[in-house]
Amino acid sequence: MTHPLSPSPWRASFLLALAACTEELSSRPESFSVTMSGAAELHLDAEGAAATTDNGSVFRVTIDALGRDGLGAPALPASPRVESVNQAGEATRFTADRGQGATEWWIPLHRGFEQGFDLATPPEGDGPVRLELSTPDAYATATGDKLRIDTDDGAVWSVSAVVAHDAVNTTLPAWFETTPHGFDIVVDDNDAVYPVAIDPVYTTGFTSLTATYASTTYPAGMASGDVNNDGYADVAVGEPTYSTRTGRVRVYYGSASGLDTTTYTTVTAGSTSSLMGYSVAFGDVNGDGYDDLIAGAPMDDAISVFHGAAAGLSATAASYITGAASSTSYGFTVTSGEDTNGDGYDDVAVGAPGAASYAGEVSVYRGSSSGLSSAVTRTYTGTAGYALGYHLAMGNVNNDAYGDRFDASPVIPAMVRSGRLGRKSGAGFYEYSDSGGQR
């Protein structure tokens, strides 16, 4: 379907959405630059469009040729020009002539831009229409009308569909084909009434995060929560091998324009070789409305709790809790985000799969108004050699007032049979729900 911002319903177009907010425009006679969030920039020139994200990732897409199978003619380089502006004087549409009656155009959007091609007449020859596009320093993978593009520097772009219509709104078959240089958009225009509109939608739901420390295991533990209660999810990423395996966790903050990769809080705790950040979880353990970070350090047999606040995550640990015994990999897994006894505070479960001759243990701690209690409410022990607590999760499987916890062993597959209280479902798997006390 033709994009509603297109000036004509009959335009060969495709939508390229780049993850950033585009508001401020600056121009030169032969190119235009769009300042996006942080240090990100979108650049439009005679060859096409390129975006540089705030972490330096670059994605460029260029139309190389258009026509039919075996008869594609090179697209002409042409400097973009401003075609329309809004009442505030901001450019809202750019165009460039590409030859053969084709016009490339771009429309700045809130989180990127729309890129399209207007084909005024059918290309000469037989066979389907083919638009040949190149993506330097990127690799495309196509499955029918879906496309994934991986850049060499780690960014991922996806295309959910490509739809084509002719002048009388007849849907035309359209699909992607990958090439050594990028990809082609192919449309079967047999019996079509020209002009024809081609409309793939490019999106990226991915923000690329790159470790800043050499030889780090990045990431290990990952979790999301809202530590500053602004309505946007924040992301915690563990780097357990940072600084001689001392480890650390970075929390990146969400916003209306997506994850902000330039603003973060870094926390660390424990000793050298503690592997802090091997596991992470979020939960509001003190009930103040701000999610708190729980980070495991299995080589120290410890966990650390950092409280959230309106200003963001505190960099100072509010709690540092160690396991009952050493060398048990206590903190190998952590989970939270559920109130298992209905008192209004999220509780925390910690896995120690190396405990009790690798039978494994899971320890449960209560949240409270002052934070996470250091006293173990209850410890669950598995069967020798099953490493209970290797995997942990929480969720309310029976939709009552109490959160449920799930423990899995890597030796025997976990099976969920029901969410009933205290039910044991298969070797190495336990689930429970509190109703006034542990089960």
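Calculation notes
- Residues numbered from 1 in each chain as written.
- Predicted model: local features only at pLDDT ≥ 70, side-chain atom pairs only at ≥ 80, totals over all residues.
- Heavy atoms only, no water.
- Helix = DSSP H or I, 4+ residues; strand = E, 2+ residues; numbered from the N terminus.
- Buried < 20%, exposed > 50% of the residue type's maximum accessible area, 1.4 Å probe, protein only.
- Contact = heavy atoms within 4.5 Å.
- Areas by Shrake-Rupley, 256 points an atom, 1.4 Å probe, with all protein chains shown as cover.
- Pairing = 2+ DSSP bridges.
- Axes fitted to C-alpha atoms, helices over the stretch in contact; angles between N-to-C directions.
- pLDDT = per-residue confidence, 0-100.
- Phe/Tyr/Trp six-rings, centres within 6.5 Å; stacked < 30°, edge-to-face > 60°.
- Lys NZ or Arg CZ within 6 Å of the ring centre and 35° of its normal.
- Core = buried A, V, L, I, M, F, W, Y, C linked by side-chain atoms within 4.5 Å.
- Salt bridge = Lys/Arg side-chain N within 4 Å of Asp/Glu carboxyl O.

## Topic: the overall build of the chain
In terms of helices and strands, the chain carries two helices and 34 strands. Across the 439 residues that make up the chain, the buried fraction comes to 51%. Of the contacts formed within the chain by residues at least 6 apart in sequence, a portion of 52% connects residues at least 24 apart. Total accessible area on the chain is roughly 18,600 Å²; 51% of this is exposed by carbon and sulfur atoms.

## Some points on the pairing of strand β4 (residues 41-45)
When a strand is regular, its side chains alternate between the sheet's two faces. Across the five residues of β4, four count as buried, placing the element largely inside the fold. As paired strands, β4 and strand β5 (residues 48-52) are joined by five bridges and run antiparallel to one another. Looking at the pairing, L44 lines up with A49 of β5.

## What to know about unusual backbone geometry
In this structure, the amide linkage connecting Y194 to the following residue, P195, adopts the cis form with an omega of 5°. Within the secondary structure, P195 sits in the loop between β18 (182-187) and β19 (197-203). Its identity as a non-glycine residue notwithstanding, D191 has a phi of 65°, on the positive side. Looking at where D191 falls in the secondary structure, it is placed in the loop between β18 and β19. Residue classification places D191 among the exposed positions, given a relative accessible area of 71%. Of note, the phi angle at S273 is positive, near 70°, even though the residue is not glycine. Relative to the elements of secondary structure, S273 occurs in the loop between β23 (260-267) and β24 (279-283).

## A short note on the sheet that holds β24
Spatially, the four strands line up as an open sheet ordered β24-β25-β26-β27, and their pairing is antiparallel. Each edge of the open sheet is held by one strand with a lone partner, namely β24 and β27 (319-322). Strand-to-strand twist of the sheet, defined as the mean angle between neighbouring strand axes without regard to direction, takes the value 20°. Here five bridges tie β24 to strand β25 (residues 292-297), and the two strands are oriented antiparallel to one another.

## Some points on the confidence of the model for the chain
Low-pLDDT stretches of the model should not have their predicted coordinates read in fine detail. On average, residues of the chain score 78 in pLDDT, and 76% of them are at 70 or above. Low confidence marks residues 1-29, where pLDDT is under 50. Its contacts with residues over four positions away, or in another chain, come to 117 contacts. In the predicted structure, residues 411-439 sits below a pLDDT of 50 and forms 81 contacts with residues beyond four places in sequence or in another chain.

## Points about the packing of aromatic side chains
Under the counting rule described, the total for this entry stands at five aromatic pairs. A ring pair is formed by Y252 and Y264, whose centres lie 5.3 Å apart and whose planes are at 55°; its orientation type is tilted. Pair noted here: Y252 is in strand β22 (residues 248-253) and Y264 is in strand β23, with a separation of twelve residues, a long-range link. Residues F332 and Y390 carry aromatic rings whose centres are separated by 5.1 Å and whose planes lie at 40° to one another, so their mutual orientation is tilted. Placement of F332 in the loop between β27 and β28 (333-338) and of Y390 in the loop between β31 (376-381) and β32 (391-395) is noted, with a sequence separation of 58 residues between them. Since its relative accessible area comes to 16%, F332 is described here as buried. Accessibility expressed as a relative area gives 33% for Y390, which makes it partly exposed. Counting every residue linked through ring pairs, the aromatic cluster contains Y278, F332 and Y390. Above the face of the Y242 ring, R248 is positioned so that its terminal group lies 3.8 Å from the ring centre.

## A word on the nonpolar core
Ranked by size, the top nonpolar core spans 30 residues in total, and within it L131, L133, I149, F183, I185, V187 and I198 carry the most contacts. With 16 residues, the next largest nonpolar core counts A223, V227, V267 and F282 among its residues.

## Brief notes about the sheet that holds β22
The strand order across the open sheet formed by four strands is β20-β21-β22-β23, and the pairing between neighbours is antiparallel. Single-partner strands in this sheet number two, and they are β20 (222-225) and β23. Strand-to-strand twist across the sheet, computed as the mean angle between neighbouring axes with direction ignored, equals 25°. As paired strands, β20 and strand β21 (residues 234-239) are joined by four bridges and run antiparallel to one another. Residue M222 lies in a different strand from β21, and its bridge partner there is V237.

## Observations concerning the pattern of salt bridges
Enumeration according to the criterion identifies 13 salt bridges in this entry. Residue D118 pairs with R93 through a salt bridge whose shortest N-O separation is 3.8 Å. In this pair, D118 is assigned in strand β11 (residues 112-119) and R93 in strand β9 (residues 91-99), connecting sequence segments 25 residues apart. D118 sits in the buried class, given a relative accessible area of 11%. Among the residues examined, R93 registers a relative accessible area of 4% and is labelled buried. For E104, the salt bridge identified is with R98, shortest N-O distance 2.6 Å. When sorted by exposure, E104 lands in the same class as R98, which is buried. Each member of the salt-bridge network shares a partner with another, and the members are D69, R130, E177 and D184.

## Quick word on the environment of S279
Mapped onto the secondary structure, S279 falls in strand β24. On a C-alpha basis, the gap between S279 and P298 in space is 8.5 Å, while along the polypeptide they are 19 residues apart. Residues contacting S279, with those up to four places away along its chain left out, are G221, I294, A295, G296, G331, F332, T333 and V334.

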